[in-house]
Each structure stands twice: as C-alpha cells, then as structure tokens.
Amino acid sequence: MPPEKNYSMHGRRILITRREALSTAAKVAIGVAVAGVIAGVGGYYAGTMLKPAPPTKPVRKKVRVAVFETGFGTHTISDDVLWGCEQAEKILGIKVEPFDVNMFKREEAVTALSSAAESGKYDLIVGCHDGYREWIEMLAPKYPDQLWLCHDAGAKTKNLSNVAYTMFKQNEGSFLVGILAAKITKTKIVGYLGHLDIPILHDFAEGYKAGVHYVDPSIKIIEEYTGDPLDATKMKMYALHQFERGVDVLFVAGYLAGLGAYEAAKEKDKIVIGVDIDQCGWYPDHMVASMLKNVGLGLVITLKNFIEGKMDFNGSIYIFGPELVGPCDMGRGNCRSRIAKKLVTDEIRAEIEEAREKIIRGEIKVPGAMSWDKYEKEAKRFSVTILSLIHI
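No experiment lies behind these values; they were computed from the predicted model shown. (Residues numbered from 1 in each chain as written. Predicted model: local features only at pLDDT ≥ 70, side-chain atom pairs only at ≥ 80, totals over all residues. Heavy atoms only, no water.)

(A) Fine view of the pattern of salt bridges. In this structure the tally under the stated criterion is 25 salt bridges. Here Glu308 makes a salt bridge to Lys310, at a shortest N to O gap of 3.2 Å. Judged by its relative accessible area of 23%, Glu308 falls in the partly exposed class. Residues participating in the shared-partner salt-bridge network are Lys169, Glu172, Lys365, Asp373 and Glu376. (Salt bridge = Lys/Arg side-chain N within 4 Å of Asp/Glu carboxyl O. Buried < 20%, exposed > 50% of the residue type's maximum accessible area, 1.4 Å probe, protein only.)

(B) Spotlight on the packing of helix 6 (residues 232-244) against helix 7 (residues 258-268). At a closest axis distance of 7 Å, the pairing of helix 6 and helix 7 adopts a crossing angle of 40°. With respect to their mutual orientation, helix 6 and helix 7 come out oblique. Pair helix 6 / helix 7 crosses with right-handed handedness. Facing helix 6, whose interface residues are Ala232, Met235, Lys236, Ala239, Leu240 and Phe243, helix 7 presents Gly258, Gly260, Ala261, Glu263, Ala264, Ala265, Glu267 and Lys268. Residue composition of the contact of helix 6 with helix 7, grouped by class: eight nonpolar, two polar and four charged. (Axes fitted to C-alpha atoms, helices over the stretch in contact; angles between N-to-C directions. Helix = DSSP H or I, 4+ residues; strand = E, 2+ residues; numbered from the N terminus. Parallel < 35°, antiparallel > 145°, perpendicular 65-115°, else oblique. Left-handed = near helix turned anticlockwise from the far one by under 90°. Contact = heavy atoms within 4.5 Å. Nonpolar A, V, L, I, M, F, W, Y, C, P; charged D, E, K, R; others polar.)

(C) Spotlight on the confidence of the model for the protein. Looking at the protein as a whole, the pLDDT averages 86, with 83% of positions reaching at least 70. Here residues 1-54 scores under 50 on pLDDT; set against residues more than four positions off or in separate chains, the count is 167 contacts. For residues 387-392, every residue scores under 50 in pLDDT, and the model assigns this stretch 22 contacts once sequence neighbours within four places are set aside. (pLDDT = per-residue confidence, 0-100.)

This is the structure in structure tokens:
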C-alpha cells in the first residue's frame, strides 16, 4: 500500500489522510486540520523582507488556474501538487486544472504551456519545479497579458512583469533530517543521493551535511548524483555502493529513481530518509523519516493570496521556510515508519525541534547551494498565511 498523506509541522500537526494516486488506487476521504499553525509562514523573513508593494487589483473570485506537473500517480512530490490542486478547488472555490506533461521534454512542455496561454482561459498558469521555470521564463514575454507562477522554483534568472515565484527552503528542512541522521548512525558514515546534478539538488545536500556536522563534525558524508531522475536501477546501484563503503543512513532526493535506493536499503538492512512527501509507508522497517516540502499546501496558500489580489508579480518571490519544510512525524501520527518508533527518541525529537526554532529566529544560518541571500532580500510576504481549522 502507498503511504498515507502526512503533513507535519514538527510538533504542530496537519492531519491529512493520503489520497491514493489516481492511476493505481481508490479514492480516500481527505481530512485537513490546520489550527492557525502557519501564522509564521512568510513572516519568517519579516526582518529582511522588503515591504510589500501595493497589492494588485483583485482578480475575479471565480478564477481558473492551470497547473503543470510531471508524474501524477507516482507517490512523489507530483502527487502532493495534485493534492494541492484538489484542495484549492474545494477550499477556495476556484477551478484548478492539473496537467501531467513531461517537463524534461522541451517540445512537449513548451507546446502544452503555449496552448494554455493561447486559449485565454486561465487567470494564472502554474509550472512546478525548476524544469517548468525554465520554460515559463522563455514563454512569458511572448504572452505578456498572461500571468504565470513558477511554483517551487530553484532559481530566478529573469525579472518579468507577468511572472511570480515561490521557493521552498529545502536546505533548511534537510538540515533537520541531517541532525536525525547524525543521531542514529552507528558507523559514523552517512550518505546523500541526488538525481540531477543541479543547484536545487545540491541545496538539499548542503543543508543535510550542515545538519549532520551540527551534531558531530567527525561524521563522514558521501555525496553523489546519478544524473537521472527516472532510472531506479541506476540509483539502486549507487545506493548499494554507498552501503558497501560503510554508509548506514542514506538521505535520498531521487524523485522516481529514489525507489531503487529504498529497495537497496531493504536488501542490505540499512536506513533511508525519503523526500518531498511521507514515503515511510513504503518501507516502514527501513525508512526512518521523510523530509517534507509540503508544496501542495504551499500551492493552496499561494492561490488563496492570488484570488484575494494579495499577490504581486513583476518577478516577485515568495519563500516558504521551515514552518512548512522539514521532517515528517517519524513514526507518530499518520507516519507509518516502524523503525522510527525504535530509533527516534524524545531527546532526538526535541533537538530537531529546537534547531527548527533557532532557524526561524535566525540563530542558525543554514548553508545552501542556491542564492538564498539574494532571494531573501527580494522576497515579499504573503498577506494570507493562516489556514484555520478546515475539514473537507
């Protein structure tokens, strides 16, 4: 069975039963409880952010949004985006149309985005992750009357009047699972496996390594990239090689290929940390945690600001920090990790939570591979950051 949907606020929980992927399983009722816990989202940067420019004129309430992603039904970050689309429709009363188009194939992605823009049907076109960011920055000047959002972008290379960006500080969430890895390793050798050798994947790695060494600078870290987000066999080979070199805890940012690393951990009885969504239900005896980005919830928050006219474009950046990004509940709540119940003590949980609070307060500066200093100076705050108690 695929894992349940488990959004964690690191002690402040959102309880969401995971919707089974559309292509493989039956629908499950979804419940969301967010009791004012995201009040700090965006406010995390209050000390350094520019004051928001006067809000744009509110768009009409019954808006239509197109969301482009790759890989629905794969139990990866793509399903979190799909969940966000579904919740935005239910919570906000708007029309959200998700499109599963391969961002890695330029012609296919560009054609789909262009068709959406030329249709004139959409108040906003959203492209998820850095693959779509590249194509949006290329197309936006051609369609100046169309508003675009690069959601979960890994960079901003152009300042375009009709484009906005959301970014998630995966380096900070990875710092927190780095603490976890350092606390549970027995060999004092931990690993990181990414798929593509690109800045956003290095951002995970830099935060993870910093978290490990925050606990114990003597721990050895092996960092590698397979070069392929889809090839699970290749990633399994890399994981097995790391295990042979003494790695006993492996953080995997592998997209679809990550399944290969998880299978290797099961075969060799090692510990892995998943990514993006709670994947612990796949390998409950070997996956101790998942580093959640919560991009689906971030999409709902973003669209709420958009429909209320409280979102600026002109290349504006909105950043989500560790209020959304960080470890799942590690064997508690809806997280089905059995190994976490054995390994993750109250002391470890408290240390992770303390570090998270220090990051928010600016007492810990987490390194990264993206231009965070630049983006934070540019970043604006969302006016709407709280989703009060909601039941769907």
